[in-house]
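# Reading the structure
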Amino acid sequence: MEEAEELRALRQEPSGRRITISREDPNDRKDDSHTTTTSTRWGTLLEGLDPKRRLPILTWIRKYDGADALSDLIAGVTLGLTMIPQSIAYATIAGLPSQYGLYAAFMGSLVYVFCGTVREVSIGPTSLMSLLTLEYTAGRPVQYVIVLAFAAGLVELAMGAFRLGFLVCFISVPVTSAFTSATALIIIGAQLGNLLGLPRTVDGGFFATVWSVLSRLADSAAGDTLLGIGCIVLLLALQYLPRLVPATRSRPVHRALWYVSLSRNALVVLLSALLAHHLVTSNTDGGKATAPFRLSGRIEPGIPAFEWPVRDVTVNGTTVTFPQMLVELGSGLVLVPLVAVLANVAIAKAFASDGVVDATQELFALGLCNVIGSCFRAMPTTGAFTRSAVSHASGVRTPLAGLYSALLALLALGVLTPYFYYIPRATLAAVLIAAVASMLDLGMVRRLARPPALRTDLLAWTVCFAVCLVQGVEVGLLCGMAVSLLEPLRHWVGGSVSTSGMTLADSDAVHRCIRPEVGLLYTGVDRLRTAVLAEARRQPALPLVLDCERLMVLDYSAARALRELADEVARYGAGPLVLVNVRPGWCRALELHQTDEGYVFKRPEPVSNG
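This structure is a prediction, so every number in the text was calculated from the model and none was measured. (Residues numbered from 1 in each chain as written. Predicted model: local features only at pLDDT ≥ 70, side-chain atom pairs only at ≥ 80, totals over all residues. Heavy atoms only, no water.)

## Remarks on empty space enclosed by the protein
Applying the stated rule across the entire model yields 5 cavities of 30 Å³ or more. Its boundaries defined by the atoms lining it, the largest cavity holds a volume of some 90 Å³. L79, V121, S122, P399 and G402 are the residues nearest the centre of the largest cavity, which is lined by 14 residues in total. Only helix 7 (99-115) and helix 19 (401-420) provide two or more residues apiece to the lining of the largest cavity. In the lining of the largest cavity, the residues fall into 7 nonpolar, 5 polar and 2 charged. (1 Å grid on protein atoms, 1.4 Å probe; cavity = no way out; pocket = protein on both sides within 12 Å on 5 of 7 lines; lining within 4 Å. Points joined across faces, edges and corners; volume = space filled by probe spheres on them. Helix = DSSP H or I, 4+ residues; strand = E, 2+ residues; numbered from the N terminus. Nonpolar A, V, L, I, M, F, W, Y, C, P; charged D, E, K, R; others polar.)

Okay, structure coming up:
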């Protein structure tokens with residue numbers, strides 16, 4: 001959040017012109033001449049395939065000028081300096097060679113230039129995607145990662161085609177907080193070994209990893225430990241660097257320090273690599289160059305050629321087909337795109353200048369980033385909050401800023417890969433730990449313990465956080481969602497009933513009014529029946545009225561139970577059960593008859609014996 005604070009300090013003067021990117025929803029258009037067409041499925045399909053909607057660049061590029069290009073260039077370069085070291089580090093989380101993070105950063109940034117609707121969003125590898133990738137592909141060939149990205153992209157495209165972006169609404173804020181906090185702890189625990197120079201062990205969960213590190217503290221390497229801790233201290237110092245000279249004292253100096261702070265990841269990685277290169281070239285052991293800390297190793301240069309991801313792979317002499325890989329990936333085919341959509345839509349809403357986000361287009365954009373990226377061996381991607389904040393703070397004006405950051409990633413792959421060999425692993429671990437530390441939101445527990453938060457909110461946070469650490473993030477997220485849904489299900493499924501007195505129109509008699517809340521489904525019938533019969537027994541002389549004003553849902557079981565309930569009320573001598581404020585469409589379905597007081601259930605005509 002420090003970037004946001006610095007942004008507020010720097011933006012006391014009006015910012016330059018910004019191109020407005022249209023996010024108009026086709027369902028909200030006011031042109032009456034197209035009402036009939038867009039109401040049809042064919043019209044909706046054609047509108048969804050409109051190139052201007054699916055390629056927003058065709059709209060805003062017409063207004064692009066030199067001032068926009070300069071602002072985007074500054075923002076894109078600043079973003080690239082942050083993205084390159086992060087992408088290398090996130091690849092290590094997923095257990096991949098460093099170049100795969102750069103593949104994802106390059107393709108994600110490039111595709112979003114053409115399909116994105118929010119100028120600030122930066123698509124690429126993230127800590128969440130890297131951790132989920134490791135969960136489902138650990139110990140498997142790299143082809144599994146590519147297939148996971150391809151399948152996730154297809155699911156995201158399908159969600160966009162069927163307008164399923166609303167599914168992210170089922171994940172509450174407490175569950176999101178617990179999920180990200182647990183993920184941050186898991187990543188920090190996994191990077192402790194690299195920070196201390198310990199050999200990597202098989203991942204057995206958060207507690208097993210931390211215990212393994214603690215039990216091997218005596219074997220930690222002094223060089224890696226000192227370098228890692230020093231890098232964390234330097235990152236924190238650079239983060240607070242702009243506060244040394246407030247903007248009110250000297251705006252140019254403050255802005256210069258601010259840009260240095262934004263580039264702190266790249267600066268730390270560069271300084272560490274230079275130090276490692278100097279030590280390797282100046283120290284030799286029997287003719288072999290050595291370094292006092294572990295290095296990243298060789299990175300394959302260049303962007304790989306186009307390769308269709310739907311193909312078989314050979315594992316230990318056995319051919320594994322594409323469908324078999326999908327089966328082995330299991331729930332990852334659903335969870336990875338769901339988390340990606342959750343993160344991307346949330347970031348888009350946070351940074352959208354007008355607060356409106358075309359969720360369908362964002363799903364299409366994210367899906368294309370993953371599908372096209374998988375054809376170039378990229379890992380799964382989504383929007384990154386940290387990089388989006390850097391882009392926003394750098395004065396980005398259009399998504400074209402992603403082109404410059406993509407070119408920087410391409411430059412890194414084409415020219416700088418030989419020098420990536422000298423990046424110490426402890427430095428990458430420090431970059432990751434410093435980046436995800438801000439994701440820890442343990443203060444949420446204190447806020448959830450106070451009104452207006454519900455007890456289920458605190459329970460959902462606790463369950464999601466604990467299960468993520470013990471059983472894995474995918475199980476924890478599902479458990480947290482299940483607990484958070486208990487409260488709305490209690491209201492919608494179980495329902496609630498209120499009782500009061502009322503006087504109907506054209507009547508001086510006082511009726512006892514029973515009002516069901518929200519909905520009446522088969523699971524809430526018993527509660528309503530108990531309340532109605534209790535009133536019938538308590539005061540059988542007063543007529544009963546069922547107020548349906550707040551009823552939103554009614555199923556077949558509840559409709560049948562209402563008729564049976566009316567018969568029971570009549571047997572108690574309380575007269576007919578009167579229904580008021582009934583929706584017109586329900587009168588026929590319930591076979592109601594209108595009277596002066598309201599609606600009553602129709603009775604069969606008595607059969608005459610004459």
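Read on, since the account is not over.
## So, the packing of aromatic side chains
All chains considered together, the criterion is met by 9 aromatic pairs. When the ring of F150 is compared with that of F322, the centres are 6.3 Å apart and the planes differ by 70 degrees; the resulting orientation is edge-to-face. Within this pair, whereas F150 is found in helix 9 (residues 142-161), its partner F322 is found in helix 15 (residues 322-329), the two being separated by 172 residues in sequence. Both residues of the pair, F150 and F322, belong to the buried class. Measuring from ring centre to ring centre gives 4.8 Å for W461 and F465, while their planes differ by 15 degrees; the resulting arrangement is stacked. Of this pair, W461 and F465 both sit in helix 22 (residues 455-471), 4 residues apart, which is roughly one turn of the helix. F465 carries the same exposure label as W461, and that label is buried. Within the aromatic cluster, the residues linked to one another by ring pairs are F150, W308 and F322. (Phe/Tyr/Trp six-rings, centres within 6.5 Å; stacked < 30°, edge-to-face > 60°. Buried < 20%, exposed > 50% of the residue type's maximum accessible area, 1.4 Å probe, protein only.)

## Some points on unusual backbone geometry
The phi dihedral of R163 is positive, around 55 degrees, even though this residue is not glycine. The residue R163 is located in the loop between helix 9 and helix 10 (173-196) in this model. The partly exposed category is assigned to R163, whose relative accessible area is 32%. Notably, N316 is not glycine yet its phi reads approximately 55 degrees, a positive angle. Here N316 is to be found in the loop between strand 4 (313-315) and strand 5 (318-320). The exposure class assigned to N316 is exposed, which follows from its relative accessible area of 79%.

## So, the nonpolar core
Counting residues in hydrophobic clusters, the biggest one holds 122 residues, and the most contacted among them are F179, V339, F420 and L477. Counting residues per element, this core draws most heavily on helix 16 (residues 332-351), which supplies 11 residues. With residues up to four places along the chain from it excluded, the contact list for F179 reads L128, V339, C464, C468, V473 and L477. By size, the runner-up hydrophobic cluster in this structure holds 26 residues, among which are L551, A558, L590 and L592. (Core = buried A, V, L, I, M, F, W, Y, C linked by side-chain atoms within 4.5 Å. Contact = heavy atoms within 4.5 Å.)

## Some details on the packing of helix 6 (residues 66-93) against helix 20 (residues 425-436)
Look at helix 6 against helix 20: their axes get within 9 Å of each other, and the N-to-C directions meet at 95 degrees. Taken as axis vectors, helix 6 and helix 20 run roughly perpendicular relative to one another. Here P85, Q86, I88, A89, Y90, T92 and I93 of helix 6 lie close against helix 20, whose contacting residues are L428, L432 and A435. (Axes fitted to C-alpha atoms, helices over the stretch in contact; angles between N-to-C directions. Parallel < 35°, antiparallel > 145°, perpendicular 65-115°, else oblique.)

## A few points about the state of the cysteines
Counted according to the given criterion, the structure contains 0 disulfides. Left unpaired, C587 is separated from the closest cysteine sulfur, that of C548, by 9.1 Å. On the basis of relative accessibility, which here comes to 13%, the residue C587 falls in the buried class. (Disulfide = S-S within 2.5 Å.)

## Re the packing of helix 10 against helix 12 (residues 222-239)
The contact between helix 10 and helix 12 brings their axes to 7 Å, and the two run at 120 degrees. Overall, the two elements helix 10 and helix 12 adopt an arrangement that is oblique. From helix 10, N194, L195 and L196 reach across to helix 12, where they touch D224, T225, G228, I229 and I232. Here the contact of helix 10 with helix 12 is composed, by residue class, of 4 nonpolar, 3 polar and 1 charged.

## Describing the pattern of salt bridges
Once their charged atoms are close, side chains differing in charge can pair, the charge on each being opposite to the other. This model, assessed by the stated rule, comprises 11 salt bridges. Between R119 and E120 there is a salt bridge; the shortest N-O distance is 3.9 Å. No difference in accessibility class separates R119 from E120, as the two residues are buried. Each of E307, R311 and R377 takes part in one network of salt bridges that share partners. (Salt bridge = Lys/Arg side-chain N within 4 Å of Asp/Glu carboxyl O.)

## Details of the pairing of strand 9 (residues 544-547)
Neither face of strand 9 is exposed, since L544 and L546 on one face and V545 and D547 on the opposite face are all buried. Pairing analysis gives 3 bridges linking strand 9 to strand 10 (residues 578-580), with the strands arranged parallel. From the neighbouring strand, V545 faces strand 10, where its bridge partner is V578. (Pairing = 2+ DSSP bridges.)

## Describing a nonpolar patch on the surface
On the surface, a nonpolar cluster with roughly 380 Å² of combined accessible area is contributed by L70, L73, I74, V77 and L81. Tracing the sequence through the fold places V77 in helix 6. With relative accessibility at 32%, the residue V77 sits in the partly exposed group. (Patch = residues over 30% accessible without salt bridge, like charges linked within 9 Å, V, L, I, M, F, W, Y side chains within 5 Å. Areas by Shrake-Rupley, 256 points an atom, 1.4 Å probe, with all protein chains shown as cover.)

## Comments concerning the environment of A352
As for its placement among the helices and strands, A352 is situated in the loop between helix 16 and helix 17 (359-374). Linking A352 and V121, residues 231 residues apart in sequence, is a C-alpha distance of 9.0 Å.

## Quick word on the side chain of S87
By the secondary structure assignment, S87 is in helix 6. According to the relative accessible area criterion, S87 is buried, its value standing at 0%. Of the polar contacts made by the side chain of S87, one reaches the backbone oxygen of M83; its length is 2.7 Å. Contact partners of S87, with chain neighbours within four places excluded, come to S98, G101, L102, A105 and P125. (Polar contact = N/O pair within 3.5 Å; in protein donor to acceptor, adjacent residues only side chain to side chain.)

## Here we look at helix 6
End to end, helix 6 covers 40 Å across 28 residues, agreeing with the expected 40 Å (1.5 Å per residue, within 8%). Where helix 6 begins, the side chain of D65 points an oxygen toward the backbone nitrogen of A67, at a separation of 3.3 Å. (Expected span 1.5 Å × (residues − 1).)

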